[in-house]
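What follows is each chain in one-letter form.
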Amino acid sequence: MGGTEHLITERYGATLVLTLNRPEAKNAFSIPMLVGLHDAWLEADADDSVRSLVLTGAGGAFCAGMDLKALAGGGFTGPEADRHRARLAADPDLHWKAMLRHHRPRKPVIAAVEGVCVAGGTEMLQGTDIRVAAESASFGLFEVRRGLFPIGGSTVRLPRQIPRTHALEMLLTGRRCTAAEARDMGLVGSVVPDGGALKRALELAEAVNSAAPLAVEAVKRSVYECAELAESEGLARELEIGWPVFATEDAKEGPRAFAEHRAPVYRRH
């Protein structure tokens, strides 16, 4: 177990679980949390033993978005707080990378949502790849109701991830959506009983982990890089990304293991 006070990191085999840990504030973002998230994404990218990530929240909530007092440094003093503020000052883009606006991890990221996932929480959710929600989870982008703008990427990403009419309804009315509504519009993939989101996310992560990691990472890369290309351009780019996978040793191991009726052993080469 590791991380900062406001972010817990734990390993479950080849899965790195990141838990937003400010339950008293419904896991609203703080400076230590953002610094911890930023570092965790980069460390996972660099660690070949990590094959998947799960993002969740403590205390029955996912994330309530920005905590303006916390981000201004309120209540955080001492050398550690000074170090975190220095990190933000040194990299003005750090918080956007932490929230997955300006960084896309190369490993699959699975969100396990319990309780509130609103404002910046819903915005960060859009940077994840697979999403599980508990039945009582709720989602929303309330910024227009407060005279603000959802600048975490939602006006760009949300209409690309769900039908535009649903995206605009969320963005322009600021209404709260239920987990069932989020599933029906495609914002999340599945809904499970309350308390079961992390368990289901870990099951999905284990399924990802059992697949060939080079193939998994190439598939994720292709999906995102080709998403906004014209079909002919996307198909050409898919070949550029996909063909090298067939030259790997793992591509030989998969069919061999199938023929030998055993589980494959993938070695990332």
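Not measured: the values here are computed from a predicted model. (Residues numbered from 1 in each chain as written. Predicted model: local features only at pLDDT ≥ 70, side-chain atom pairs only at ≥ 80, totals over all residues. Heavy atoms only, no water.)

Caption draft 1: Layout of the overall build of the chain. Helix and strand content of the chain: twelve helices and ten strands. Taken over C-alpha atoms, the radius of gyration comes to 19 Å for the chain, in line with the 18 Å a tight globule of 269 residues would show. When the backbone C-alpha atoms are referred to their principal axes, the chain occupies close to 60 × 45 × 40 Å. For the chain, the exposed area adds up to about 13000 Å²; of that, 58% sits on carbon and sulfur atoms. (Helix = DSSP H or I, 4+ residues; strand = E, 2+ residues; numbered from the N terminus. Rg over C-alpha atoms; globule rule 2.2 N^0.38 Å. Areas by Shrake-Rupley, 256 points an atom, 1.4 Å probe, with all protein chains shown as cover.)

Caption draft 2: Structural detail: the pattern of salt bridges. In total, this model carries 23 salt bridges according to the counting rule given. For the salt bridge of Lys220 with Asp129, the shortest nitrogen-to-oxygen distance reads 2.7 Å. With Lys220 in helix α10 (residues 213-226) and Asp129 in the loop between α5 (120-125) and β7 (130-134), the pair connects residues that are 91 residues apart, well separated along the chain. Residue Lys220 is classed as buried on the basis of its relative accessible area of 9%. What makes Asp129 partly exposed here is its relative accessible area of 24%. A salt bridge links Arg237 to Glu240; the shortest N-O distance between them is 2.7 Å. On the criterion of helical spacing, the pair formed by Arg237 and Glu240 is a turn pair, its members being three residues apart in helix α11 (residues 231-246). Of the residues examined, Arg237 reaches a relative accessible area of 21% and is grouped as partly exposed. When salt bridges that share partners are traced, they join Asp48, Arg106, Glu217 and Arg268 into one network. (Salt bridge = Lys/Arg side-chain N within 4 Å of Asp/Glu carboxyl O. Buried < 20%, exposed > 50% of the residue type's maximum accessible area, 1.4 Å probe, protein only.)

Caption draft 3: Just the packing of aromatic side chains, in detail. Inspection of the entire model under this criterion finds one aromatic pair. In this arrangement the basic side chain of Arg101 is found over the ring face of Trp96, its NZ or CZ atom lying 4.9 Å from the centre. (Phe/Tyr/Trp six-rings, centres within 6.5 Å; stacked < 30°, edge-to-face > 60°. Lys NZ or Arg CZ within 6 Å of the ring centre and 35° of its normal.)

Caption draft 4: View of unusual backbone geometry. The phi dihedral of Asn27 falls on the positive side, at around 60°, and the residue is not glycine. Its location among the elements puts Asn27 in the loop between β3 (15-20) and α1 (31-46). Overall, the relative accessible area of 0% leaves Asn27 in the buried class. Even without a glycine there, the phi angle at Arg268 is positive, about 60°. Mapped onto the elements of the fold, Arg268 is located in the segment after α12 (249-259). Arg268 sits in the buried class, given a relative accessible area of 18%.

Caption draft 5: Spatial organisation of the sheet that holds strand β9 (residues 177-178). Strands sit in the order β6-β8-β9 across an open sheet of three strands; the sheet is mixed. Edge positions in the sheet fall to β6 (116-118) and β9, since each of these pairs with one other strand and no more. Here β6 pairs with strand β8 (residues 138-140) via three bridges, running parallel. Among the inter-strand pairings, Val118 is bridged to a residue of β8, identified as Gly140. (Pairing = 2+ DSSP bridges.)

Caption draft 6: Structural context of the environment of Ala44. Here Ala44 shows up in helix α1. Here the alpha-carbon distance between Ala44 and Arg160, two residues 116 residues apart in the chain, equals 26 Å. For Ala44, the contacting residues outside a window of four places in its chain are Leu16, Val50, Leu53 and Lys107. (Contact = heavy atoms within 4.5 Å.)

Caption draft 7: Structural detail: the packing of α10 against α11. Interaxial distance between α10 and α11 falls to 10 Å at its minimum, and their mutual angle equals 170°. One element, α10, and the other, α11, form an angle in the roughly antiparallel class. Contacts between α10 and α11 involve Leu214, Ala215, Ala218, Arg221, Ser222, Glu225 and Cys226 on the former and, on the latter, Gly234, Arg237, Glu238, Ile241 and Val245. (Axes fitted to C-alpha atoms, helices over the stretch in contact; angles between N-to-C directions. Parallel < 35°, antiparallel > 145°, perpendicular 65-115°, else oblique.)

Caption draft 8: The side chain of Ser30, seen in detail. Here Ser30 shows up in the loop between β3 and α1. According to the relative accessible area criterion, Ser30 is buried, its value standing at 0%. A polar contact is formed between the side chain of Ser30 and the backbone nitrogen of Met33, at a distance of 3.2 Å. (Polar contact = N/O pair within 3.5 Å; in protein donor to acceptor, adjacent residues only side chain to side chain.)

Caption draft 9: Looking closely at a nonpolar patch on the surface. A surface patch of nonpolar side chains, amounting to about 260 Å² of accessible area, comprises Val219, Val223 and Tyr224. One can find Tyr224 in helix α10. Take Tyr224: its relative accessible area is 30%, and that puts it in the partly exposed class. (Patch = residues over 30% accessible without salt bridge, like charges linked within 9 Å, V, L, I, M, F, W, Y side chains within 5 Å.)

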